[in-house]
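# Residue-level structural notes
Now for the letters of each chain:
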Amino acid sequence: MNAIAQTPSEQTPAQQTPIAATAKSPTHTFRLLLKREFWENRGGFLWAPVIAGAIALAFGLLGAITGVLAMRETMDHGGSPWDHIRLDDAKGAKAIDLFVGFLGDLNFVSGIGFAYLVMVFVVFFYALGSLYDERKDRSVLFWKSLPVSDTQTVLSKVVWALVLAPVLSATIGLVIGFLMWIIATMTMLIGGIPNASAGFTEAHPFRILGNVLMSLPIYTLWALPTVGWLMLCSAWARSKPFVWAVLLPILVGSVISWMDTLPGIEIPHEIVWYILGFRGLLSIVPGTWYLNETVSSAHNVEINGPQDLQQIVDFTSSWNALLTADLWIGVVLGAAMIYGAIRLRRWRDEG
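Residues numbered from 1 in each chain as written. Predicted model: local features only at pLDDT ≥ 70, side-chain atom pairs only at ≥ 80, totals over all residues. Heavy atoms only, no water.

## Side note on the pattern of salt bridges
Formally: By definition, a salt bridge exists where a carboxyl oxygen of Asp or Glu is found within 4 Å of a side-chain nitrogen of Lys or Arg. Helix numbering and strand numbering both begin at the N terminus, where a helix is a DSSP run of H or I of at least 4 residues and a strand a DSSP run of E of at least 2. Only protein chains enter the accessibility calculation, which uses a 1.4 Å probe; a residue is then buried when its area is under 20% of its type maximum, exposed when over 50%, and partly exposed in between.
Under the criterion given, the structure shown has 7 salt bridges. Linking E37 and K157 is a salt bridge whose minimum nitrogen-to-oxygen distance equals 2.9 Å. Placement of the pair is E37 in helix α3 (residues 26–76) and K157 in helix α7 (residues 150–190), with a sequence separation of 120 residues. For K157, a relative accessible area of 3% corresponds to the buried category. Of the charged contacts, one joins R279 and D326 as a salt bridge, the two residues approaching to 2.9 Å between their closest N and O atoms.

Below, the structure is given as structure tokens:
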């Protein structure tokens, strides 16, 4: 009790050291900044995908109930709608098993994709307003009065945009996908679809889980130029950062494309718009690295039968993006823009 009642001046150096070390620890400060970002933006990071997923599950459940009732009504009026499906030979039965398992995988992946779709909008507008909003509401003056560096503040926002938000969305998406998989398979079982149990036995939930986890580092690197550009505009623009971040690349691309109409000038339109429009603004969309020729050629899916359907939901070829100059050039440019955002936040004159 005496130790608790002591004031800092009365404590011994041994008692003061841990407190001082904790207060000055960069990792401790950075963790506090990460918590601050979450509590200030938990509506987008957490509740937006949760609520959207709940709505999707509700509609999926309603659709399942409607489908089961329709199938049951058909059965009550003279037979099953699946009577034409023949399971006389083992090969045909196995083909149906694989197809039903693929439907289960597809429902699982669709749940993850739904959460990622919400994340794209959340991360886009979060990065775009991350440094502008604090100047707009003047809260930047309060945060600058604290012993927190601009580098730590900006990097905490970068970590949320590129690492923590995707991880949280993937986690929520896996839960949504799992429930959608259960709903779909149970609907097939109750509806009397032949071999519907294959929705459980022939699905690949653990493979999908591994694919999602393995793709997260690729996403962090691939999305870096878009996040860097949005945060640079957020730090630089005095007003309307959306106009600068979105319309400026479109305007520049349009002017460059127009120059191609002049005699003696040839412009590679595809490269210009790929850099300005696609890599500059849309790299935060998961899976867009498959539009790179090297990655897409490695993910060359050939469907010759039901046994090949699982290749559609196999994303292990994402790692081929690490072999492309496209990814690493984007990393360098994204890091440079984030550095520029740090410098602008430090020296921005609002007077």
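Let's pick the thread back up.
## Looking at the environment of I172
Quick reminder of the rule: Note on contacts: a residue pair is in contact if any heavy atoms of the two residues lie within 4.5 Å.
Among the structural elements, I172 can be located in helix α7. The class of I172 is buried, set by a relative accessible area of 11%. Each C-alpha atom, one on I172 and one on V50, is 6.8 Å from the other, the two residues being 122 residues apart in sequence. If near-sequence neighbours (up to four positions away) are discounted, I172 is found in contact with F45, L46, P49 and V50.

## Quick word on the layout of surface pockets
The cut-off we apply is this: As defined here, a cavity is a set of points on a 1 Å grid over the protein atoms alone where a 1.4 Å probe fits but cannot get out. A pocket is an open set with protein on both sides within 12 Å along at least five of seven lines, and residues line them when an atom is within 4 Å of a point. Grid points are joined across faces, edges and corners, and a volume is the space filled by probe spheres set on the points. The residue classification treats Ala, Val, Leu, Ile, Met, Phe, Trp, Tyr, Cys and Pro as nonpolar and Asp, Glu, Lys and Arg as charged. All others, Gly included, are polar.
The computed volume of the largest pocket comes to approximately 360 Å³. Forming the walls of the largest pocket are 16 residues, and the residues nearest its centre are I275, L276, R279, G280 and L333. When residues of the lining of the largest pocket are assigned to their parent elements, the largest contribution, 6 residues, is made by helix α12 (residues 269–281). Residue classes in the lining of the largest pocket are distributed as 12 nonpolar, 2 polar and 2 charged. Taken as a whole, the second largest pocket holds about 290 Å³ of empty space. Forming the boundary of the second largest pocket are 18 residues, of which I112, Y116, S215, P286 and F315 lie nearest the centre. Counting residues per element, the ones that place at least two in the lining of the second largest pocket are α4 (90–129) and α9 (205–222). The element that contributes the greatest number of residues to the lining of the second largest pocket is α9, accounting for 6 residues.

## Considering the packing of helix α10 (residues 224–236) against helix α11 (residues 241–259)
In plain terms, the rule: In this analysis, axes come from line fits to C-alpha atoms, helices being fitted only over the stretch in contact, and the angle between any two N-to-C directions falls in the range 0 to 180 degrees. The cut-offs work like this: below 35 degrees is roughly parallel, past 145 is roughly antiparallel, 65 to 115 is roughly perpendicular, and the gaps in between are oblique. Less than a right angle of anticlockwise turn of the near helix away from the far helix marks a crossing as left-handed, whereas a clockwise turn marks it as right-handed.
With their axes 8 Å apart at the nearest point, α10 and α11 run at an angle of 130° to one another. Between α10 and α11, the angle falls in the class oblique. When the axes of α10 and α11 are compared, the crossing they make is right-handed. For the pair α10 and α11, contact is made by W229, L230, C233, S234 and W236 and by P241, W244, A245, L248 and P249, respectively. Class assignment for the residues of the contact of α10 with α11 results in 9 nonpolar, 1 polar and no charged.

## Concerning the side chain of S234
Here is the rule: N or O atoms closer than or at 3.5 Å make up a polar contact, with two conditions inside protein: a donor-capable atom paired with an acceptor-capable one, and, for residues adjacent in sequence, both atoms drawn from side chains.
Its location among the elements puts S234 in helix α10. From its side chain, S234 meets the backbone oxygen of L128 in a polar contact 2.9 Å long. S234 has contacts with A127, L128, G129, S130, L131, Y132, R135 and P241, leaving out every residue within four places of it along the chain.

## Some thoughts on the environment of V68
Its location among the elements puts V68 in helix α3. Judged by its relative accessible area of 14%, V68 is buried. The spacing of V68 and G191 is 123 residues in sequence and 5.2 Å in space, taken between C-alpha atoms. Setting aside chain neighbours within four positions, we find V68 in contact with T187 and I190.

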